[in-house]
Amino acid sequence: ERDTTLTPAGLKQVDRLDELLEADPATKDVQVILASPMSRTIQTAATGCRSLIARGVPVELCALVAERNCGVLFPADHGSSKQQLARAWPNVVADKWKGLDELPDTWPSERKEFCWAQRVGEFREYLLDRPEKVVAVVGHGAFTIGLTGAHLGNAKFAWRTMLPDGSFERPE
């Protein structure tokens, strides 16, 4: 299935994620949520970060963190066009999430540069150039491993400090 949504078990996981984030005092410092423009991550951001969104933390769709395996296209890695996303997720439009207009019309592109391994460095630079100091990223397993060296599992979170060179401190 293309651009899958969360399963009933996944919906329970993101409900729990919101509870955990709401209880974590570190979330008071989150300044922006960057989410992959795949349906399952839009759902995760909207539901799993709803307490942050309710506090006014803006959400931006960021194609750099989308799941795209190098050379292998799994059906779930085929996203929806921005028109399809706008119809499927009216909250993205109504709540003025940024980034939807910046997606290519034929999202995602079939181009090789959308391979996650090639985007990790570009995303690191993107983060370093942003004005926010505390950013929540709602992404996918392979990309997260490439970015931080850690696999978090579904609907899990971890705090990481980015160093000036774009690498991340390892937790103790």
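As shown above, the structure is provided for reference.
Residues numbered from 1 in each chain as written. Predicted model: local features only at pLDDT ≥ 70, side-chain atom pairs only at ≥ 80, totals over all residues. Heavy atoms only, no water.

K.L.:
Whenever I open this one, the environment of D101 confuses me. Can you help?
P.N.:
Examined against the element boundaries, D101 turns out to sit in the loop between α5 (90-94) and α6 (116-129). Residue classification places D101 among the exposed residues on the basis of a relative accessible area of 65%. C-alpha separation for the pair D101 and Q83, spaced 18 residues apart in sequence, amounts to 9.4 Å. (Helix = DSSP H or I, 4+ residues; strand = E, 2+ residues; numbered from the N terminus. Buried < 20%, exposed > 50% of the residue type's maximum accessible area, 1.4 Å probe, protein only.)

K.L.:
Is there a simple way to think about the packing of aromatic side chains in this case?
P.N.:
What describes a pair of aromatic rings is the distance from one ring centre to the other and the angle between the planes of the rings. Under the criterion given, the structure shown has 3 aromatic pairs. Their ring planes at 70° and their centres at 5.6 Å tell us that F123 and F143 sit as a pair that is edge-to-face. Of this pair, F123 sits in helix α6 while F143 is found in helix α7 (residues 141-148), placing the two residues 20 residues apart along the sequence. Assessed through its relative accessible area of 0%, F123 is described here as buried. F143 gets classed as buried once you look at its relative accessible area, which sits at 2%. For the ring pair F157 and W159, a centre distance of 5.9 Å and an interplane angle of 75° mean the geometry is edge-to-face. Put simply, the rings of F123, Y126 and F143 touch in pairs and so form one group of aromatic residues. (Phe/Tyr/Trp six-rings, centres within 6.5 Å; stacked < 30°, edge-to-face > 60°.)

K.L.:
I tried to follow the pairing of strand β1 (residues 32-35) on my own but got confused; where do I start?
P.N.:
Two faces make up the sheet, and in a regular strand the side chains alternate between them. Where burial is concerned, the two faces of β1 agree: the one with V32 and L34 and the one with I33 and A35 are both buried. Note that β1 and strand β2 (residues 59-61) share 3 bridges and pair parallel. Opposite I33, over in β2, you have V59 as the bridge partner. (Pairing = 2+ DSSP bridges.)

K.L.:
Which parts of the structure should I look at to understand the nonpolar core?
P.N.:
Side chains of a nonpolar character, in soluble globular proteins, are inclined to be buried together. Of all hydrophobic cores here, the largest spans 23 residues; its most connected members are I33, I42, L52, L61, V92 and W97. Contributions of two or more residues to this core are made by α1 (8-23), β1, α2 (39-48), β2 and β3 (135-138). Setting aside chain neighbours within four positions, we find V92 in contact with I42, L61, W97 and L100. Of all hydrophobic cores here, the second largest spans 11 residues; its members include L34, C62, F123 and F168. (Core = buried A, V, L, I, M, F, W, Y, C linked by side-chain atoms within 4.5 Å. Contact = heavy atoms within 4.5 Å.)

K.L.:
Explain α6 here, please?
P.N.:
Residue pairs spaced three or four apart in an α-helix point in one direction, given the helix's 3.6 residues per turn. In a regular helix each residue adds 1.5 Å, so 14 residues correspond to 20 Å; α6 covers 20 Å between its end C-alpha atoms and thus fits that length. Taken as a whole, α6 has its buried residues at R119, V120, F123, R124 and L127. Looking at the packing, one finds that the buried side of α6 touches β1, β3 and α7. (Expected span 1.5 Å × (residues − 1).)

K.L.:
What am I meant to see in the pattern of salt bridges here?
P.N.:
Where charged atoms from two side chains of opposite charge approach closely, those side chains can pair. Summed over the entire model, instances satisfying the criterion amount to 6 salt bridges. In this structure, D15 engages R50 in a salt bridge whose closest nitrogen and oxygen atoms are separated by 3.1 Å. Of the two residues, D15 is situated in helix α1 and R50 in helix α3 (residues 50-54); the sequence distance between them amounts to 35 residues. The salt bridge partner of R16 is E19, with a shortest N-O separation of 3.1 Å. Highlighted residues: R16 and E19, both in helix α1, separated by 3 residues, approximately one helical turn. Using a relative accessible area of 45% as the deciding quantity, one classes R16 as partly exposed. Salt bridges sharing common partners tie together D15, D18 and R50. (Salt bridge = Lys/Arg side-chain N within 4 Å of Asp/Glu carboxyl O.)

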